[in-house]
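Summary of structural features
As a plain string of letters, each chain reads:
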Amino acid sequence: MNKQPKLVDYSLFIDPPKKIVKVVPEISNSFLINSIIIIILLIGSVILYQRFYENEILKKNEYHDIIRLNEYVKENIK
């Protein structure tokens with residue numbers, strides 16, 4: 001008979017319900033900095049593309065203006 005005596009009756013203890021803790025992940029500073037830099041790069045690339053596109057249009061308009069001026073001068077001199 002190797003039975004050990006129990007000094008405490010564990011059935012008398014009621015376990016309190018465990019609280020479920022929701023851990024909200026914090027947004028780190030590096031994520032914010034990276035997202036701001038990406039937004040700045042996107043805006044800069046859009047501005048550069050728009051400038052490149054408008055530069056071609058301006059060159060065409062300048063060329064046509066020079067041709068019109070030349071024709072105007074030729075007609076008025078005669």
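Residues numbered from 1 in each chain as written. Predicted model: local features only at pLDDT ≥ 70, side-chain atom pairs only at ≥ 80, totals over all residues. Heavy atoms only, no water.

Notes on the overall build of the protein chain
What the protein chain contains, in helices and strands, is one helix and zero strands. Taken over C-alpha atoms, the radius of gyration comes to 40 Å for the protein chain, far larger than the 12 Å a tight globule of 78 residues would show. With respect to the principal axes defined by its C-alpha atoms, the protein chain has extents near 135 × 20 × 20 Å. The buried share of the protein chain, reckoned over its 78 residues, is 0%. For the protein chain, the exposed surface amounts to about 9000 Å²; the carbon and sulfur share of it is 64%. (Helix = DSSP H or I, 4+ residues; strand = E, 2+ residues; numbered from the N terminus. Rg over C-alpha atoms; globule rule 2.2 N^0.38 Å. Buried < 20%, exposed > 50% of the residue type's maximum accessible area, 1.4 Å probe, protein only. Areas by Shrake-Rupley, 256 points an atom, 1.4 Å probe, with all protein chains shown as cover.)

Things to note about the packing of aromatic side chains
Following the criterion strictly, the structure yields one aromatic pair and no others. For the ring pair Y49 and Y53, a centre distance of 6.5 Å and an interplane angle of 20° mean the geometry is stacked. Placement of both Y49 and Y53 in helix α1 (residues 29–77) is noted, with a separation of four residues, approximately one turn of the helix. Judged by relative accessible area, which is 47%, Y53 ranks as partly exposed. (Phe/Tyr/Trp six-rings, centres within 6.5 Å; stacked < 30°, edge-to-face > 60°.)

Topic: a nonpolar patch on the surface
On the surface, L7, V8, Y10 and F13 cluster together into a nonpolar patch covering about 530 Å² of accessible area. By the secondary structure assignment, L7 is in the segment before α1. According to the relative accessible area criterion, L7 is exposed, its value standing at 83%. (Patch = residues over 30% accessible without salt bridge, like charges linked within 9 Å, V, L, I, M, F, W, Y side chains within 5 Å. Salt bridge = Lys/Arg side-chain N within 4 Å of Asp/Glu carboxyl O.)

So, the pattern of salt bridges
One pass over the full model with this rule turns up one salt bridge. Ionic pairing is found between D65 and R68, a salt bridge with its closest N-O pair at 3.4 Å. Linking D65 with R68, this pair stays in helix α1, spanning three residues, or about one helical turn.

Without other data, these values stay purely geometric and don't point to any function.
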